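A structural walkthrough
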Amino acid sequence: MATMTIAKAINEGLRASLENDPKTLLMGEDIGELGGVYRVTDGLKKDFGAMRVVDSPLAESGIIGTAIGLALRGYRPICEIQFDGFVFPGFNQITTQLAKLRTRSDGMLSAPVVIRIPYGGGIGSIEHHSESPEALFAHTAGLRIITPSNAQDAYWMIQQAVTCEDPVIVFEPKRRYWLKGEVDTSAPVGDPFSAHVLRSGTDATIVAYGPLVPVALAAAAAAEEDGHSVEVIDLRSISPIDFDTVTESVTRTGRLIVAHEAPTFGGIGGEIAARISERAFLSLEAPVIRVGGFHMPYPVARVEEHYLPDIDRILEALDRAFAY
Amino acid sequence: MATMTIAKAINEGLRASLENDPKTLLMGEDIGELGGVYRVTDGLKKDFGAMRVVDSPLAESGIIGTAIGLALRGYRPICEIQFDGFVFPGFNQITTQLAKLRTRSDGMLSAPVVIRIPYGGGIGSIEHHSESPEALFAHTAGLRIITPSNAQDAYWMIQQAVTCEDPVIVFEPKRRYWLKGEVDTSAPVGDPFSAHVLRSGTDATIVAYGPLVPVALAAAAAAEEDGHSVEVIDLRSISPIDFDTVTESVTRTGRLIVAHEAPTFGGIGGEIAARISERAFLSLEAPVIRVGGFHMPYPVARVEEHYLPDIDRILEALDRAFAY
Amino acid sequence: MNSSRLPAAEFEVEEVVRATLPAEPDGEPGVTTLQVLAPDGTMASGLTATIAGEHVDFSPYLAADDAGHLRSLYRDMFLIRRFDQESTALQRQGQLALWVPLTGQEGAQIGSGRALAPQDYAFPTYREHGVALTRGVELSDILRLFRGVTNGGWDPRERNFHLYTLVLAAQSPHAVGYAMGLQRDQLADPSLPPAATIAYFGDGASSEGDIHESMVFAASFDAPVVFFCQNNQWAISVPSSVQTKVPLARRAEGYGFPGVRVDGNDVVTVEAVTRWALERARSGKGPVLIEAYTYRMSAHTTADDPTKYRLTRDEQEWQPRDPLARLETYLRAAGLADDAFFEDLGAEAAAMATDLRKAVLAMTAPDLESRFAAVYAEPHPLIQEELRFFQQYEAGFADEGKQA
Amino acid sequence: MNSSRLPAAEFEVEEVVRATLPAEPDGEPGVTTLQVLAPDGTMASGLTATIAGEHVDFSPYLAADDAGHLRSLYRDMFLIRRFDQESTALQRQGQLALWVPLTGQEGAQIGSGRALAPQDYAFPTYREHGVALTRGVELSDILRLFRGVTNGGWDPRERNFHLYTLVLAAQSPHAVGYAMGLQRDQLADPSLPPAATIAYFGDGASSEGDIHESMVFAASFDAPVVFFCQNNQWAISVPSSVQTKVPLARRAEGYGFPGVRVDGNDVVTVEAVTRWALERARSGKGPVLIEAYTYRMSAHTTADDPTKYRLTRDEQEWQPRDPLARLETYLRAAGLADDAFFEDLGAEAAAMATDLRKAVLAMTAPDLESRFAAVYAEPHPLIQEELRFFQQYEAGFADEGKQA
Ligand SMILES: Cc1ncc(C[n+]2csc(CCOP(=O)(O)OP(=O)(O)O)c2C)c(N)n1
Ligand SMILES: Cc1ncc(C[n+]2csc(CCOP(=O)(O)OP(=O)(O)O)c2C)c(N)n1
Ligand SMILES: [Mg+2]
Ligand SMILES: [Mg+2]
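This report concerns the structure included in the present document. Note that the coordinates shown come from a computational prediction; the quantities given were computed from them, not determined experimentally.

Focus: the interface of chain C and chain A
In this assembly, 43 residues from chain C lie in contact with 49 residues from chain A. A combined buried area of about 3,700 Å² lies between chain C and chain A, and 60% of that area is made up of carbon and sulfur atoms. When the buried area of chain C at its contact with chain A is split by residue, C:Arg184, C:Phe217 and C:Tyr376 rank highest and sum to 17% of it. Summed over the shared surface of chain C and chain A, the number is 5 salt bridges. We note a salt bridge from C:Asp185 to A:Arg73, for which the minimum N-O separation is 2.6 Å. The interface formed by chain C and chain A includes 26 residue pairs in polar contact (both at pLDDT 80 or more). Secondary-structure elements contributing two or more residues to the side of chain C that touches chain A are α5 (156–159), α6 (171–188), α7 (209–221) and α13 (381–403) of chain C.

The structure is reproduced here in structure tokens:
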């Protein structure tokens, strides 16, 4: 057991992947000498060399596109997109090529490319550096999307993404990069595509993922003071979604709050709400209530705290749910 | 009143826009001499010249990007993307630039760009020619998205898109291009961002849009034979969504089916289901049931009929709703 | 063998020279079109050029003297044209959803395809049926895509010929990435035969950002990749002058690697120049861009009507530059092939067409059920859930059927 | 005035010549770096070059003889450097979220900015504070973005200076589209003064597909746009050699328009060449690419630590090529500016810095409520619904506050 930050856990996870499989390699902007703008790849170029930790030209479509080619040749490229808002020049390669390669080849070809994307807000940054675009990838079949919320998951999920035969996008909760946690490097966590119940409760369920998991836990703790027993589920995987775990919980609690930083409209919360409303229709005491960003571009740093779902916003949603 | 196909109605609508405002211009691949692969722009280059009907280089990001520049200079560019599956090279310009320009400038700048995208399947075509990517745009604030289902709407909505100060994506139901209808070119239809109740009913509501509207109507007619009175709403606008009209209907009928060709998972149906479940929670006799594509790349032509939501799939969903 | 027309020609690719070749298609400045086999069927005896400051003698790569090889190039071109005709007919008869003809581009495709070594890997767009033939892909497999029964059709790893890619230019970075993989393989095991990739794209696709980004990557990493642009003058209805005002071969200059324009209808030159470029790439010298100047003699696809946008006169002008006719003329004039050769070939092609037709008619559609399995490599709960729904739903109809 | 160092220099841009200039930064082949004002403060008397086969005499564009103009160029560079220092200080003191320094690039920015006519329109990336100054943008307005109170900060239409764009290269097609609009305006009303646009981007951004697509469009439509690439050697931590192995100016060759490399730290040449390029563009001759060879003397941003990836030695090597120092040397040596000029300027800059600080401290954050109104121009039910929710939600806290 070691204590490390999420950033360090990913760094160690990448290191383990590079050590375990000579076919793995890292590609991205500034990931070599600099170790990435968040130092997540710190030291890896020094130890594994420029052929395995590649400072690429500044071109996201080129990064994803060449990663696909490398994967076709048997490599396992792990791409870093510098910030959430800069994945879009690579959107075509991800959506029309990476996601569809397996189906296009009738299952003959795999493209086990990993795309790491630091995402989410709350870091006081400028435009395009605080977005949560996960729903824009979840709608596309062929991709898998995971997002760790703690160091232990971070360490293992990045490695599980690398060994997965399918393309995996790993959304990294950048404002939690410095969050410390215990990591057991000897025993892998289970299925990265399953949800984890982090706190059990009987009156309502909160589903959150990535950066909002600590917020959801804090909201549940606050609700307890008000006499409500609230279950908290860390979704961990956005595609596929572990609906079984969520349904099981909601069948017991009868109330569901889904929280994410991404705008509510068209967000992944809608999918969860729709499916759980269908699966647990007769158990629901209240409608599923979503807590998310507003329908606007991510706002400037000075107002982001009012935009981001926080403990109070989740409590307000719980209040509404309890009011039914 | 004139009878025309949807394709012709859009052609006439574009012609009217070009006539009404010298600042309008068309840009796209093969839209000039050829009149577009679907002939939607047929004859326009001949009549308005190459400066207003521009055969562009083959580059979607360039098309959208230069359209933004033209809009900044006071023009009203109407871009054609040749097929749904080919919009993705332009995704970055749409998502990070076009959608955000107004917010970025604190409301000072508008980019009234129109993007026409023939979409949807059922045409027996090859890969990337039958997709329904509307949800990937709806999640992004700053855009508006409409989709006509008949000639009258097609004629007017394209013109309304052109005069709208906001960027508008017009998804054109390509397999209905040759569907004929009456067009009143003298009296504009109302708000293009409102839903239309096309058929009233008391037992359930079907919401559909674009290519599935005729299917929804046929399903409602079939259900009537089974003794169910089913209301059909043509959504018309995917962003914003006219939730008021849908809520009002569901409050009366107690049951809602949402149908679209796009894959269900992460589709816009989830948004509708989630919001209506919240708004009409106490009126719902059954969960909102979604009928959509499966979680797979749009399949090959020879099996698409099994993939596409059809009358039977909607009837099956109605059965499930009535079973509660 | 008529080789008097030209001495060992010295084409100064970088200079602004007006081509002296009868085949020089039109007056674009800044680049010369390399050619040894002229439209009139005469063959130059050698070919040298200065490319990006490098003096290149293509003679070692020229197959001009090898009668058997020349006949086999002709055979490939002839067969693939026949294949094209049969596929067009199958489409007209409703057996294919669509067809993308290659007629006119046989020289560019057979020439470049034959230049590939077995260990090289080709990334086509969607019109490269000729290249597929040279890679040994079962031709009927190509028609699976156009019959609408698959988006693929063959196992690319068997013949090192990738699947068709319909999103224009998207395969170009794949070719570069694959080449970067080859580089790493070579480093890990120097005993491997050096290999390269080739990325096919059109004059229209050249405008896409992906072409640029892949050239940037290729130049930056000296990736062993040959960019092979078939400038067939048209992107559907848009003439190549909309994509560029100077020869596309010149794009390479901006990245610092060689760009060459070849007469794409001269299969001999195309093969020689591609062999040179591949060898150069394999040897670690980085990418080359080849622009094969050719002409789409047919429609864009069977859904297209070129009379809407181009003159029959233009089409007729290219007729005498046909890649097959000139090689036939040469083979006959030089006494390298006789009537029997051409008759046998005709019979072989007819038999091939018959087999093809049979194979196509035998192709059945998959069922949708099978498609669920192809989306992910590993188990996926949503796929399972939807598949279960679909099976039950379909079973419902079967039950109804039984009951009725 | 010392003009003996060089006669009217004849720079053969297209040839592979080794530069004879002391300022030639390093040994990249294939292009010459245009320069009249050397690092040692000597000034050449003229400047001619052959660019894409075109013989150009830049003398009419050179301000080398105009003392007042030279002083004003110096003043602009001096002020913007002071602005940069003050902004860096403000960031260190927590008054700005981030700062993007321009030190080292004053020559490229002031030179090109001063070349613009009022009717021209500039599209910056995010580091073009010097260009903003030349356009008359209130400098404090630039800091609004970095203080996190807006993503914009000024009305671009007032000064024909667009908002900063943070998605690299995305503004480049906007510049081309705007230029296409200018073309149409001119056609509709030939009495309008001809105008052009200028698109700024960096060596890193040059690799993005959008740069390519915008160059394709610009070439195809002869759009009046000047592509101005500040090659400051670095894209954060990545040296420009990763983006290209040949001078970026050469990219233009592939599109058939002129590409010129200038010493970006020589404000006089930058201005002259940009004026020439803009005039050429306005006159209908199409785009030009200018590569300003310069150096990012500071960190990428205040969040960056260059010691992680570059040597202090490299930084020191560029020190003597400082764009301000050389002009000061020249002005003093030629007797065009005395101590009083420099002292006055120092005082002016100090006052500006004081005002700037005041303005920044006075900038207050908007409230989130106001942001709802900026998303759409026309009424939008979802915005209204969410705004209503937000107001009620906030009011709830106010009520609680009252009750408590
Ligand atoms: C990204 C993208 N945009 C648009 C299309 C539609 N489209 C198919 S073929 C074609 C023209 C291609 O021209 P070119 O690259 O010259 O190849 P050719 O067909 O001439 O072989 C177009 C516009 C596409 N397939 N992909
Ligand atoms: C599309 C995109 N990808 C990545 C980034 C992150 N990023 C910001 S600045 C930068 C380097 C830019 O280098 P260059 O273009 O040379 O400009 P400079 O900063 O040197 O002025 C990167 C990678 C971005 N802003 N946009
Ligand atoms: Mg073509
Ligand atoms: Mg730079």
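Points about the pattern of salt bridges
One pass over the full model with this rule turns up 90 salt bridges over all chains. Linking A:Glu224 and A:Arg199 is a salt bridge whose minimum nitrogen-to-oxygen distance equals 2.6 Å. Of this pair, A:Glu224 sits in helix α8 (residues 213–225) while A:Arg199 sits in strand β9 (residues 196–199); the two residues are 25 residues apart in sequence, bridging distant segments of the chain. Under the relative-accessibility criterion, A:Glu224 is labelled partly exposed at 49%. Between C:Lys245 and D:Asp222 there is a salt bridge; the shortest N-O distance is 2.9 Å. With C:Lys245 in the loop between β9 (238–239) and β10 (259–263) and D:Asp222 in the loop between α7 (209–221) and β7 (225–231), this residue pair bridges two chains. Via salt bridges that share partners, A:Asp244, A:Glu271, A:Arg275, A:Arg279, B:Arg290 and C:Glu385 belong to a single interconnected network.

Overview of the packing of α7(C) against α7(D)
Direction vectors running N to C along α7(C) and α7(D) enclose 125°, while the axes themselves pass 8 Å from each other. Classified by the interaxial angle, the pair formed by α7(C) and α7(D) is oblique. Seen from above, α7(C) lies across α7(D) with right-handed handedness. Contact with α7(C), carried on its side by C:Gly209, C:His212 and C:Glu213, involves D:Gly209, D:His212 and D:Glu213 of α7(D) and no other residues of that element. Across the contact of α7(C) with α7(D), the residue classes break down as no nonpolar, 4 polar and 2 charged.

Thoughts on the site of ligand 2
Around ligand 2 lies a shell of 20 residues, among which A:Glu60, D:Tyr126, D:Arg127, D:Leu166 and D:Asp203 are the nearest. Near ligand 2, residues from chains A and D are present, making the site a shared one. Note that an oxygen atom of ligand 2 is positioned 2.6 Å from one of the side-chain N or O atoms of D:Tyr126. Here ligand 2 has 590 Å² of accessible area as a free molecule, and 95% of this is covered by the chains. Grouping the constituent residues of the shell around ligand 2 by class yields 10 nonpolar, 5 polar and 5 charged.

Comments concerning the interface of chain A and chain B
Counting residues at the interface gives 53 residues for chain A, matched by 53 residues for chain B. Here chain A and chain B share 6 salt bridges between them. For A:Arg104, the salt bridge identified is with B:Glu127, shortest N-O distance 2.8 Å. Applying the counting rule to chain A against chain B returns 14 residue pairs in polar contact (both at pLDDT 80 or more). Among the elements of the structure, α4 (91–98), α5 (101–104), α6 (135–138), β12 (237–239), β13 (256–263), α10 (268–279) and β14 (289–293) of chain A are those that each provide at least two residues to the side of chain A that touches chain B. Here the side of chain A that touches chain B gets 8 residues from one element, more than from any other, and that element is α10(A). Tallied by class, the residues present in the side of chain A that touches chain B amount to 26 nonpolar, 17 polar and 10 charged.

A look at the site of ligand 1
The environment of ligand 1 is formed by 20 residues, the closest being B:Glu60, C:Tyr126, C:Arg127, C:Leu166 and C:Asp203. Mapping the residues near ligand 1 onto chains gives chains B and C. Taking B:Glu60, its side chain carries an N or O atom lying 2.6 Å from a nitrogen atom of ligand 1. Surface burial for ligand 1 is 95%, taken as the share of its 580 Å² of free accessible area covered by protein chains. Within the shell around ligand 1, the residues separate by chemical class into 10 nonpolar, 5 polar and 5 charged.

A look at the coordination of the magnesium ion (ligand 4)
Metal coordination angles have textbook ideals: 109.5 degrees for a tetrahedral set of four donors and 90 or 180 degrees for an octahedral set of six. All names here are of chain D. Within the protein, the magnesium ion (ligand 4) binds to Asp 203 (OD), Asn 232 (OD1) and Trp 234 (O); these donor distances fall in the range 2.1 Å. Look at where the donors of the magnesium ion (ligand 4) fall in the sequence and you get D-x28-N-x1-W. With a gap of 29 residues between them, Asp 203 in the loop between β6 (197–202) and α7 and Asn 232 in the loop between β7 and β8 (234–235) connect regions that are remote in the sequence. Of the two residues, Asp 203 and Asn 232, neither departs from the other in class, the shared state being buried.

Some points on helix α2 (residues 106–115) of chain D
Counting buried positions along α2(D) gives 9 out of 10 residues, so the element sits mostly inside the fold. Buried within α2(D) we find D:Glu106, D:Gly107, D:Ala108, D:Gln109, D:Ile110, D:Gly111, D:Ser112, D:Gly113 and D:Ala115.

Thoughts on the coordination of the magnesium ion (ligand 3)
All names here are of chain C. Asp 203 (OD), Asn 232 (OD1) and Trp 234 (O) make up the full set of protein donors to the magnesium ion (ligand 3), lying at 2.0 to 2.1 Å. Motif for the magnesium ion (ligand 3), donor spacing along one chain: D-x28-N-x1-W. Taken together, the positions of Asp 203 in the loop between β6 (197–202) and α7 and Trp 234 in strand β8 (residues 234–235) put the pair 31 residues apart, joining distant regions of the chain.

Considerations on the relation of the copies chain A and chain B
It takes a turn of 180° to lay chain A on chain B, together with a shift of 0.0 Å along the axis; the resulting RMSD is 0.0 Å. Here the copies are linked by what is in effect a two-fold axis. Both copies share a contact surface, since 100% of the interface residues of chain A are interface residues in chain B too.

Here we look at the side chain of A:Glu134
All names here are of chain A. Positionally, Glu 134 belongs in the loop between β5 (114–119) and α6. For the buried Glu 134, which has no salt bridge, the nearest side chain bearing the opposite charge is Lys 174, at an N-O separation of 10 Å. Those residues in contact with Glu 134, other than ones at most four positions away along the chain, are Tyr 119, Ile 145, Phe 171, Tyr 209, Ile 238, His 260 and Ala 262.

Description of the sheet that holds strand β2 (residues 33–34) of chain C
Residues and elements named next belong to chain C. The strand order across the open sheet built from 6 strands is β2-β10-β11-β7-β6-β5, with neighbouring strands paired in parallel fashion. Pairing within the sheet leaves two strands with one partner each, and these edge strands are β2 and β5 (121–123). Bridge analysis of β2 against β10 gives 2 bridges, and the strand direction is parallel. Residue pairing for β10: Leu 34 is matched across the bridge by Val 262. Strands in contact with α6 are β5, β6 and β7 (225–231); relative to β6, the strand with the most contacts, it is inclined by about 170°.

Brief notes about the packing of aromatic side chains
All names here are of chain A. Applying the stated criterion across every chain, the model contains 81 aromatic pairs over all chains. Judged by centre distance (5.6 Å) and plane angle (65°), the ring pair of Tyr 38 and Phe 83 falls under edge-to-face. Taken together, the positions of Tyr 38 in the loop between β2 (24–28) and α2 (44–48) and Phe 83 in the loop between β4 (76–80) and α4 put the pair 45 residues apart, joining distant regions of the chain. Taking the relative accessible area as the measure of exposure, Tyr 38 reaches 17% and is therefore buried.

Some points on the environment of D:Ser214
Residue and element names in this part refer to chain D. Note that Ser 214 resides in helix α7. Look at Ser 214 and you get buried, because its relative accessible area is 0%. Ser 214 sits 184 residues away from Ala 398 along the chain, and the two C-alpha atoms are 51 Å apart. Looking at Ser 214, its side chain comes within polar contact range of the side chain of Ser 172, at 2.6 Å.

What to know about the pairing of strand β10 (residues 259–263) of chain D
All names here are of chain D. Burial runs high along β10: 5 of the 5 residues are buried. With burial as the criterion, each face of β10 is covered, one bearing Gly 259, Arg 261 and Asp 263 and the other bearing Val 260 and Val 262. Sheet topology note: the β10/strand β11 (residues 288–293) ladder contains 5 bridges and is parallel. Its bridge partner being in β11, Arg 261 is matched across the sheet by Glu 291. At this point the chain moves from β10, through helix α8 (residues 267–285), to the parallel β11, and the crossover so formed is right-handed.

Remarks on helix α12 (residues 311–322) of chain A
Relative to the 16 Å expected for 12 residues at 1.5 Å per residue, α12(A) spans 16 Å between its end C-alpha atoms, a close match to the ideal helical length. Those residues of α12(A) that sit buried are A:Arg313, A:Ile314, A:Leu315, A:Ala317, A:Leu318, A:Ala321 and A:Phe322.

Section: the side chain of B:Ser17
Residue and element names in this part refer to chain B. Structurally, Ser 17 can be placed in helix α1 (residues 6–20). Taking relative accessible area as the criterion, Ser 17 reaches 5% and is therefore assigned buried. Those residues in contact with Ser 17, other than ones at most four positions away along the chain, are Thr 24, Gln 159 and Val 162.

Reading the values: rules and limits
Residue numbers run consecutively from 1 along every chain, following the written order of its sequence. Here chains are named by letter from A upward and ligands by number from 1 upward, in the order in which they appear as written. Thresholds applied to this predicted model are a pLDDT of at least 70 for local features of residues and 80 or more for the giving and counting of side-chain atom pairs; totals over whole chains, interfaces and linings are not thresholded and use all residues. The side-chain figures draw on all heavy atoms in the structure; neither hydrogens nor water molecules are used. Throughout, a contact is declared for two residues whenever any of their heavy atoms are within 4.5 Å. Note: buried area is the sum, over both parts, of the accessible area (probe 1.4 Å) each one loses when the two are combined. One speaks of a salt bridge when a side-chain nitrogen belonging to Lys or Arg is within 4 Å of a carboxyl oxygen belonging to Asp or Glu. Polar contact is defined as a pair of N or O atoms within 3.5 Å, subject to the rule that within protein one atom must be able to donate a hydrogen and the other to accept it, and that residues adjacent in sequence are counted only when both atoms are side-chain atoms. Under the scheme used here, helices are H or I runs from DSSP no shorter than 4 residues and strands are E runs no shorter than 2 residues, and both carry numbers assigned from the N terminus. Think of it in three bands: with a 1.4 Å probe and only protein chains considered, a residue is buried below 20% of the maximum accessible area for its type, exposed above 50%, and partly exposed in between. Where helices are involved, their axes are fitted lines through C-alpha atoms of the stretch in contact, as for all axes, and angles between N-to-C directions lie from 0 to 180°. For classification purposes, an angle smaller than 35 degrees is called roughly parallel, one larger than 145 roughly antiparallel, one from 65 to 115 roughly perpendicular, and anything else oblique. Two helices that cross are described as forming a left-handed crossing if the nearer one is turned anticlockwise from the farther one by less than a right angle, and a right-handed crossing if clockwise. In this classification, Asp, Glu, Lys and Arg are treated as charged, Ala, Val, Leu, Ile, Met, Phe, Trp, Tyr, Cys and Pro as nonpolar, and every other residue, Gly included, as polar. Only heavy atoms are used to decide nearness, and a residue is near a molecule or strand if one of them lies within 4 Å of it. Using a 1.4 Å probe, accessible areas were evaluated by the Shrake-Rupley method; residue-level cover was limited to the displayed protein chains. Because water is not among the atoms used, a metal site may look incomplete, as its donors are only the N, O and S atoms within 2.8 Å, or 3.2 Å for Na, K and Ca. Here the copies were fitted onto each other by least squares, based on C-alpha atoms from residues at pLDDT of at least 70 in both. Neither His nor the chain ends contribute to the count of charged residues, in which Lys and Arg are positive and Asp and Glu negative. By the convention used here, strands pair only if DSSP detects at least 2 bridges between them. Any two of the Phe, Tyr and Trp rings considered here, Trp counted by its six-membered ring, make a pair once their centres fall within 6.5 Å; the pair's planes then place it as stacked at under 30 degrees, edge-to-face at over 60, or tilted in between. With strands facing away from the observer, any crossover in which the path from the first strand over the helix to the second runs clockwise is taken as right-handed. In this analysis, the expected span of each helix is defined as 1.5 Å times one less than the number of residues it contains.

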